[in-house]
Amino acid sequence: MVTRLLPQVGFPWVMRTCAFLFLFLLIIAIFTVEARTPPKPKPWELAAFFRPLRERAFLLNTIGLFCFSWGLFVPFNFLVLEAQYQGVSAELANYQIAILNGARSALSFFSTHLSRFSLSPRLKLTPRLHKPLSLILSLQHRRPRNPRLARRPLWPL
Amino acid sequence: MMYISTPLYGKIYDNHGPKPLLYFGTFAHVFGLMMTSLGQEYYQFFLAQSICSALGAAALFSAGTGPIGSWFWQNRALAFGVVASGSSLSGCLIP
């Protein structure tokens, strides 16, 4: 939408259009999103933010998510530039971000059957191809100490 | 910026529910986008879009993924997958 509107109306009105679209959808969300259980206010405690890091599983999970976000930062920001450098046409290059998000959405929809926790797709750029987009699945391995916590087996990948 | 503020939003969600996060997130995100449209200099773009809009988006994300745990017990992973695919689908339609 943004790329179609940009040459027609200019950047300021494109951002305003996006803002109005978000506002309309968010007003719907404000009326529909509710929590099922009423909240129980507890006092604020700075140590509570760091206490889960003492558990090994949570610490590994945090480090893994950090690496995942850091790794995905570069492709998201430079995918279009890289595609144009490799010779992809300008219109298709602008679509790469949309393709990336589309593939990510499809993958996360199917993620329930593939891992116990959640699926995080990792992007691998292959600059030799004309469409530098191929996704590799990466599982977050979690080995619980208590065997009763294991709900279903990991898929071999 | 989004990831740093998420623990704070999680604590607010535990204390007060999703409504405060929704109000603040809506206002901040839309305000940030509107200010981006009015920006002339680079630092104005950075302030408006990266900080204000991102804070609002993180609040909305926390408010969106928080209730999944309370509404779904058996198909919780599927519900989370649908929400995550929705967020990236929006990035697909509005790049």
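Below or above, wherever it landed, is the structure these notes cover.

Each value, and the rule that gives it
- Residues numbered from 1 in each chain as written.
- Chains lettered and ligands numbered in written order.
- Predicted model: local features only at pLDDT ≥ 70, side-chain atom pairs only at ≥ 80, totals over all residues.
- Heavy atoms only, no water.
- Helix = DSSP H or I, 4+ residues; strand = E, 2+ residues; numbered from the N terminus.
- Buried < 20%, exposed > 50% of the residue type's maximum accessible area, 1.4 Å probe, protein only.
- Areas by Shrake-Rupley, 256 points an atom, 1.4 Å probe, with all protein chains shown as cover.
- Phe/Tyr/Trp six-rings, centres within 6.5 Å; stacked < 30°, edge-to-face > 60°.
- Contact = heavy atoms within 4.5 Å.
- Buried area = accessible area lost by both parts, 1.4 Å probe.
- Salt bridge = Lys/Arg side-chain N within 4 Å of Asp/Glu carboxyl O.
- Polar contact = N/O pair within 3.5 Å; in protein donor to acceptor, adjacent residues only side chain to side chain.
- Expected span 1.5 Å × (residues − 1).

1. Some thoughts on the overall build of chain A
Along chain A, the regular secondary structure elements total five helices and two strands. For chain A, the residues scored as buried account for 25% of the 157 residues in total. Carbon together with sulfur atoms contributes 67% to the accessible area of chain A, which is approximately 11,600 Å² in total.

2. Some thoughts on the packing of aromatic side chains
Taken as a whole and assessed by the stated rule, the structure comprises three aromatic pairs over all chains. An angle of 40 degrees between the planes, with centres 5.1 Å apart, marks the rings of Phe66(A) and Trp70(A) as tilted. With Phe66(A) and Trp70(A) both in helix α4 (residues 56-86) and four residues apart, this pair spans about one turn of that helix. For the pair formed by Phe66(A) and Trp70(A), the shared burial category is exposed. Here Tyr9(B) and Phe24(B) contribute two aromatic rings whose centre-to-centre distance is 6.2 Å and whose plane-to-plane angle is 45 degrees, an arrangement assigned as tilted. Of this pair, Tyr9(B) sits in helix α1 (residues 2-16) while Phe24(B) sits in helix α2 (residues 18-38), and the two are 15 residues apart along the sequence.

3. Overview of the interface of chain A and chain B
If you look at the interface, chain A gives 37 residues, while chain B gives 44 residues. The largest per-residue losses of area from chain A upon contact with chain B belong to Ile30(A), Arg36(A) and Trp44(A), which jointly make up 17% of the total buried on that side. Here chain A is connected to chain B by zero salt bridges. If you look at where chain A meets chain B, you find four residue pairs in polar contact (both at pLDDT 80 or more). Looking at the side of chain A that touches chain B, the elements with two or more residues in it are α2 (11-32) and α5 (90-109) of chain A. Of the residues forming the side of chain A that touches chain B, the biggest block, 14 residues, is contributed by α2(A).

4. Quick notes on α2(A)
For an α-helix, the turn length of 3.6 residues means that residues three or four places apart are oriented alike. The first and last C-alpha atoms of α2(A) sit 32 Å apart over 22 residues, in line with the 32 Å expected at 1.5 Å per residue. Within α2(A) the residues assigned to the buried category are Val14(A), Met15(A), Arg16(A), Cys18(A), Ala19(A), Leu26(A), Ala29(A) and Ile30(A).

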